[in-house]
Amino acid sequence: MLGWILDLLFPPRCPACGRYIEQRDAWCESCFARLVQPRRLPLGAEMEGLLAGGAWALGVYEAGLRDMLRQLKYDGKKRLLPGLHRYIAAGIRQLPLPGGAVRQPGAWHGKGAVSDGSDVAGGGAEVLAVPVPLHPGRLKERGFNQSELLFREPLAALGILLQPVLVRCRATTPQFGLTAAERGRNLQDAFALAEGAEVAGKKVIIVDDIMTTGTTLLECARVLRGAGAADIMGIVAASGRK
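None of these values were measured; they are calculated from a predicted model.

**Student:** Please clarify how the sheet that holds strand β6 (residues 203-211) should be interpreted in this entry.
**Tutor:** Strand-to-strand pairing in sheets goes through backbone hydrogen bonds, with the strands running parallel or antiparallel. Read from one edge to the other, the open sheet built from five strands follows the order β1-β2-β7-β6-β3, with strand pairing classed as mixed. Two strands lie at the open edges of the sheet, namely β1 (39-40) and β3 (127-131), each paired on one side alone. Along the sheet, helix α9 (residues 215-226) makes contact with β2 (55-57), β6 and β7 (231-239), crossing β6 at roughly 165°.

**Student:** I tried to follow the nonpolar core on my own but got confused; where do I start?
**Tutor:** The nonpolar side chains of a soluble globular protein tend to be buried, and buried together. Of all hydrophobic cores here, the largest spans 38 residues; its most connected members are W27, Y87, F151 and I235. For this core, the elements supplying multiple residues, two or more each, are α2 (29-35), α4 (63-75), α5 (81-92), β3, α7 (146-156), β6 and β7. No other element matches the five residues that α5 contributes to this core. Ranked by size, the runner-up nonpolar core spans 27 residues in total, among them L128, V130, L224 and I232.

**Student:** Explain the packing of aromatic side chains here, please?
**Tutor:** Any pair of aromatic rings gets described here by the distance separating the centres and the angle formed by the planes. With the rule as written, the count across this model stands at two aromatic pairs. Taken together through their ring pairs, the aromatic side chains of W27, F32 and Y87 make up a single cluster. Over the face of the ring belonging to Y20 we find R13, whose NZ or CZ atom lies 4.0 Å from the ring centre. For the cation-ring pair, R86 lies above F32, with the distance from its terminal atom to the ring centre recorded as 3.9 Å.

**Student:** Help me understand the packing of α5 against α7, please; the structure alone is not making it clear to me.
**Tutor:** Two quantities define a packed helix pair, namely the angle between the axes and the distance from one axis to the other. The geometry of α5 relative to α7 is characterised by a closest axis approach of 9 Å and an angle of 55° between their N-to-C directions. With respect to each other, α5 and α7 are oriented oblique. Of the two possible hands of crossing, α5 and α7 adopt the one that is right-handed. Here L81, L84, H85, I88, A89 and I92 of α5 come into contact with α7, specifically with L149, L150, F151, E153, P154 and L155.

Conventions used here
Residues numbered from 1 in each chain as written. Predicted model: local features only at pLDDT ≥ 70, side-chain atom pairs only at ≥ 80, totals over all residues. Heavy atoms only, no water. Pairing = 2+ DSSP bridges. Helix = DSSP H or I, 4+ residues; strand = E, 2+ residues; numbered from the N terminus. Contact = heavy atoms within 4.5 Å. Axes fitted to C-alpha atoms, helices over the stretch in contact; angles between N-to-C directions. Core = buried A, V, L, I, M, F, W, Y, C linked by side-chain atoms within 4.5 Å. Buried < 20%, exposed > 50% of the residue type's maximum accessible area, 1.4 Å probe, protein only. Phe/Tyr/Trp six-rings, centres within 6.5 Å; stacked < 30°, edge-to-face > 60°. Lys NZ or Arg CZ within 6 Å of the ring centre and 35° of its normal. Parallel < 35°, antiparallel > 145°, perpendicular 65-115°, else oblique. Left-handed = near helix turned anticlockwise from the far one by under 90°.

The structure is reproduced here in structure tokens:
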């Protein structure tokens, strides 16, 4: 009843264009189609070496998408998750995920290789997804890890489980406003493998909300590769990088 009254008094609008829509906190179909723009991001030599599966953004960090991600992350507006889950699910289904999880040609199986989709069913390398971790103090303050909230359900629908095998072992300052060099120093040795975690021989997908310079993915990938991960791929909900 409350939802009906709310829709009557304040009809839901698309956060990107303002057009009236049926479902609150979602997008109209035309804006949704425009927002979902999966693409492989350009990387430096070191990141290319560590991320054999590449770093992928599901869309461009701008307009309505940027606002919704910020409202979730900083204002705790979890009511936005259904719309964001729909967006992420549409994007990741177009990516070359490992293990045949998607029906696109050229499924990820290391650089330049093509999988026939038999990795998981046929007993190949196990696939797991890893959210970029928050420091315990930040997690307590925020109450949730936004990367985990964004990706857990869409990836689970494809048979890929999110597992917290990385921990943030020291507090860092926010990356916003820092230069690339400052970002690197800020995150150096900030991540570690969780106690008892095992990634040796596994295919790992690192997930995060946004990517700017790629420093966070790089530092996480270093830890995972050092622990013996077979192949590593990065996926972010959005990025401003071209």
